[in-house]
Amino acid sequence: MLKMLILRIIQSIPVLVIVGAVVFSIAVALPGDPSLIILGENAPEVERQRIRLELGLDRPVLVQFGDWMFKAVQGDIGKSYKTGEPVVSVLAARIPVTLQLAFLSMLFAVVVGVPLGMIAAIKRNSWVDAVVSVLSVSALAMPFFWVGILLIMLFTLKLRLLPPFGYVPFSEDPVQNLRFMIMPVLTLGSAYVALVARQTRAAMVQVLSSDYIRTARAKGASELRVVTVHGFRNALVAIVTVIGLQFAGMMGGAVVTETVFQLPGLGRMITNAIFDRDYGLMQGGVLVVVLGVIIVNLLTDMAYWLLDPRIQR
Amino acid sequence: MTDTRPVLAELQDVSVSFTKGNVTAHVVDSINLSIKEGETVALIGESGSGKSVTSLAIMHLLPRAKIDGKIMWHGKEGARNLLALSTREMRSFRGGSIGMIFQEPMTSLNPLFKIGDQIAEAARLHRPVSRQEARQIAEDSLRLVGIPEPRGRLNTYPFEMSGGMRQRVMIAMSLVCRPALLIADEPTTALDVTIQAQILELLRRLQEELGMSMLFITHDFGVVAEIAERIAVMYAGQIVEQGATQQILENPVHPYTRALLNAIPRLDKRSARLASIEGVVPDPRALPPGCRFATRCQFAVPDLCTSQPPPLSELQDGHAVRCARWPEFARVEYA
């Protein structure tokens with residue numbers, strides 16, 4: 001286990017370097033001069049030159065990249081061009097918001113999607129299966145911003161139950177924090193409920209037709225035991241795969257959701273950084289997202305290892 | 001010599017059909033078969049003859065099927081119709097009084113659980129034993145089927161074992177509760193010839209040691225001769241011939257039985273090519289009105305064979321055949 005973990009971490013390093021290079025080149029290639037953004041359009045050339053020198057933008061691109069990477073390894077990923085704040089401290093404030101949103105959305109997707117998929121698989125080709133299938137396709141087809149607006153219309157305007165948007169850290173006011181989070185989580189989670197349900201159904205249908213399921217029935221196990229112990233354990237690998245893979249895709253959904261509900265998360269921060277040509281901040285943000293995806297992949301691999309003895313030996 | 005052993009299980013007019021939309025497939029049609037205590041009965045036929053479905057029907061392992069008739073079980077508590085039992089009652093039979101092993105040892109064990117746990121589960125499902133006792137039972141069971149170092153083997157996973165070993169594990173698991181009847185659904189078909197012989201020998205030894213009855217399903221007459229006392233030949237969902245193994249092997253009457261026996265490659269008879277039976281088993285959704293074998297039978301005559309389904313007629317004690325022309329064939333020596 002430890003060996004595999006170390007190997008996987010070493011394998012992640014080139015991925016990080018390559019992603020870093022790509023992000024850096026995009027920032028360089030994008031039109032717009034950061035000095036203009038910082039100083040305003042009518043800034044005198046002398047001032048702009050001073051800023052460029054300060055940011056090190058006068059040096060060759062490769063040197064800039066090497067310098068950025070070198071500092072990044074030490075934990076310093078630069079300053080925001082716009083505010084001058086260290087990127088790390090901006091990120092530190094934003095990451096928990098997105099993390100909470102993503103985690104709760106996935107939790108919602110799993111808690112609702114897995115049982116739905118299992119029921120659909122057990123009762124396959126019945127009306128229950130048809131209902132789950134129609135709901136899944138509908139949920140997948142609805143864009144996040146539209147679901148978000150519908151939810152605001154329902155919970156805020158009609159029922160007057162929830163605040164439309166805003167954010168309070170969980171540590172300050174847990175109840176209010178969760179009230180702010182409900183609609184974003186429903187918005188982002190609904191599509192993943194559908195994905196998880198469909199994947200669970202497919203995996204369970206396949207597993208339930210296996211020979212070892214017949215064996216379990218032949219030795220007298222109850223249907224509940226057959227499905228939950230013998231069936232679900234085997235379907236879990238496929239379900240974990242879809243959760244792991246979708247986590248990366250979830251970042252895209254988080255950008256939209258955070259914008260609709262005005263959550264101060266990573267997604268919105270990266271979007272704003274791009275509009276502001278705040279490349280320092282953008283690079284840091286993208287790097288964190290990539291790191292997050294790598295960590296989730298690592299966790300997925302560890303889950304396989306725990307779930308399937310064939311991988312262990 | 002008359003057999004005085006009491007009957008253990010009895011299939012009375014058992015039919016199995018599957019309906020999808022408005023099409024019904026009659027896969028098993030009015031089977032009558034009895035298995036005595038300590039007896040081994042073989043059910044033999046080609047793929048699609050309904051032999052596996054018959055065995056699964058006994059176990060209630062056909063969720064989408066309609067099963068008619070009666071399956072009488074003469075246990076210690078008197079006679080009961082297995083088809084009339086509740087799900088819960090039937091569960092106590094599955095793996096309890098009736099054990100079952102399957103054709104595919106490679107896929108019949110759950111890949112994610114240690115074999116010790118899988119065998120122990122079978123024990124714990126039927127007997128009020130502790131985890132520790134169940135583990136001991138599992139170990140004893142592995143020893144019974146001839147697996148060396150059974151204690152250490154408890155902790156291995158199926159993927160770490162060969163096909164023959166896995167089939168031994170399946171047998172160990174099915175015998176945990178000392179069933180009165182073991183249903184073996186082509187247990188050797190997927191195995192190498194040398195392993196086949198070992199498994200057959202094992203099953204025969206266990207059957208003798210434990211005094212259980214066995215319903216042995218196969219398509220291989222070579223296997224049948226080794227293990228069965230009585231044979232029922234199935235074709236397209238019906239029993240077309242049944243009798244003592246000797247009767248069937250030495251004096252087969254039904255053209256299908258004869259054709260099956262001819263299809264076994266033999267070293268003592270030189271022939272240019274392997275014998276086969278032309279054609280395929282008829283579609284159970286559209287069965288012919290007369291004899292079901294008529295379409296492939298070289299002795300079929302119009303009207304007699306194609307208009308009326310032939311009844312199962314008894315030639316002599318226990319030897320019965322479903323063929324309209326049987327009196328002619330019975331006189332012709334089979335060679």
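Computed from a predicted structure; not experimentally measured. (Residues numbered from 1 in each chain as written. Chains lettered and ligands numbered in written order. Predicted model: local features only at pLDDT ≥ 70, side-chain atom pairs only at ≥ 80, totals over all residues. Heavy atoms only, no water.)

### Comments concerning the overall build of chain A
Consideration 1: Check the secondary structure of chain A and you find 13 helices and 0 strands.
Consideration 2: Listing every helix and strand of chain A by position from the N terminus yields α-α-α-α-α-α-α-α-α-α-α-α-α.
Consideration 3: Overall size of chain A, expressed as C-alpha extent along the three principal axes, is 85 × 55 × 35 Å.
Consideration 4: When each of the 313 residues of chain A is scored for burial, the buried share is 42%.
Consideration 5: In chain A, the proportion of contacts linking residues at least 24 apart, taken out of those at least 6 apart, comes to 71%.
Consideration 6: Taken as a whole, chain A presents about 16000 Å² of accessible surface, with 71% of it coming from carbon and sulfur.
Consideration 7: Distance between charge centres in chain A, computed from 26 positive and 19 negative side chains, equals 14 Å. (Helix = DSSP H or I, 4+ residues; strand = E, 2+ residues; numbered from the N terminus. Buried < 20%, exposed > 50% of the residue type's maximum accessible area, 1.4 Å probe, protein only. Contact = heavy atoms within 4.5 Å. Areas by Shrake-Rupley, 256 points an atom, 1.4 Å probe, with all protein chains shown as cover. Lys, Arg positive; Asp, Glu negative; His and termini not counted. Charge placed at Lys NZ, Arg CZ, Asp CG, Glu CD.)

### Focus: the sheet that holds strand β5 (residues 78–81) of chain B
Residues and elements named next belong to chain B.
Consideration 1: The antiparallel open sheet is built from 4 strands, whose spatial order is β2-β1-β4-β5. Looking at the sheet topology across the chains shown, the edges are occupied by β2 (23–36) and β5. Averaged over all adjacent pairs, the angle separating strand axes in this sheet is 5°, with direction ignored.
Consideration 2: Bridging between strand β1 (residues 7–20) and strand β4 (residues 65–75) involves 8 bridges; their strand directions are antiparallel. Residue V16 lies in a different strand from β4, and its bridge partner there is I67. (Pairing = 2+ DSSP bridges. Axes fitted to C-alpha atoms, helices over the stretch in contact; angles between N-to-C directions.)

### Considerations on helix α4 (residues 115–126) of chain B
Consideration 1: Over its 12 residues, α4 of chain B extends 18 Å from the first C-alpha to the last, a length consistent with the 16 Å expected when each residue adds 1.5 Å.
Consideration 2: Taken residue by residue, α4 of chain B has I115, G116, Q118, I119, A120, E121, A122 and A123 of chain B as its buried positions.
Consideration 3: Packed against the buried residues of α4 of chain B are α10 (223–260) of chain A together with α5 (131–144), α6 (150–153) and α7 (163–174) of chain B. (Expected span 1.5 Å × (residues − 1).)

### Description of the packing of aromatic side chains
Residue and element names in this part refer to chain B.
Consideration 1: Tallying each qualifying case throughout the model produces 9 aromatic pairs over all chains.
Consideration 2: Look at W73 and F93: their rings are 5.6 Å apart centre to centre, the planes differ by 85°, and that puts the pair in the edge-to-face class. In this pair, W73 is assigned in strand β4 and F93 in helix α2 (residues 87–93), connecting sequence segments 20 residues apart. Exposure class is identical for W73 and F93. Each is buried.
Consideration 3: Look at Y157 and F159: their rings are 6.0 Å apart centre to centre, the planes differ by 25°, and that puts the pair in the stacked class. (Phe/Tyr/Trp six-rings, centres within 6.5 Å; stacked < 30°, edge-to-face > 60°.)

### Observations regarding the environment of T306 of chain B
All names here are of chain B.
Consideration 1: Tracing the sequence through the fold places T306 in the loop between α11 (255–262) and β11 (313–316).
Consideration 2: Residue class for T306 comes out partly exposed when judged on its relative accessible area of 39%.
Consideration 3: In this structure, the C-alpha to C-alpha distance between T306 and T295, residues 11 residues apart in sequence, is 8.6 Å.
Consideration 4: Here the side chain of T306 touches D303 through a polar contact of 3.0 Å, landing on its backbone nitrogen. (Polar contact = N/O pair within 3.5 Å; in protein donor to acceptor, adjacent residues only side chain to side chain.)

### Looking at a nonpolar patch on the surface
Residue and element names in this part refer to chain A.
Consideration 1: Judged by side-chain polarity, M142, F145, W146, I149, L150, M153, L157 and V256 come together as a nonpolar surface patch covering roughly 700 Å² of accessible area.
Consideration 2: Top contributing element to the nonpolar patch by residue count: helix α7 (residues 144–158), with 6 residues.
Consideration 3: If you trace the backbone, M153 turns up in helix α7.
Consideration 4: Since its relative accessible area comes to 44%, M153 is described here as partly exposed. (Patch = residues over 30% accessible without salt bridge, like charges linked within 9 Å, V, L, I, M, F, W, Y side chains within 5 Å. Salt bridge = Lys/Arg side-chain N within 4 Å of Asp/Glu carboxyl O.)

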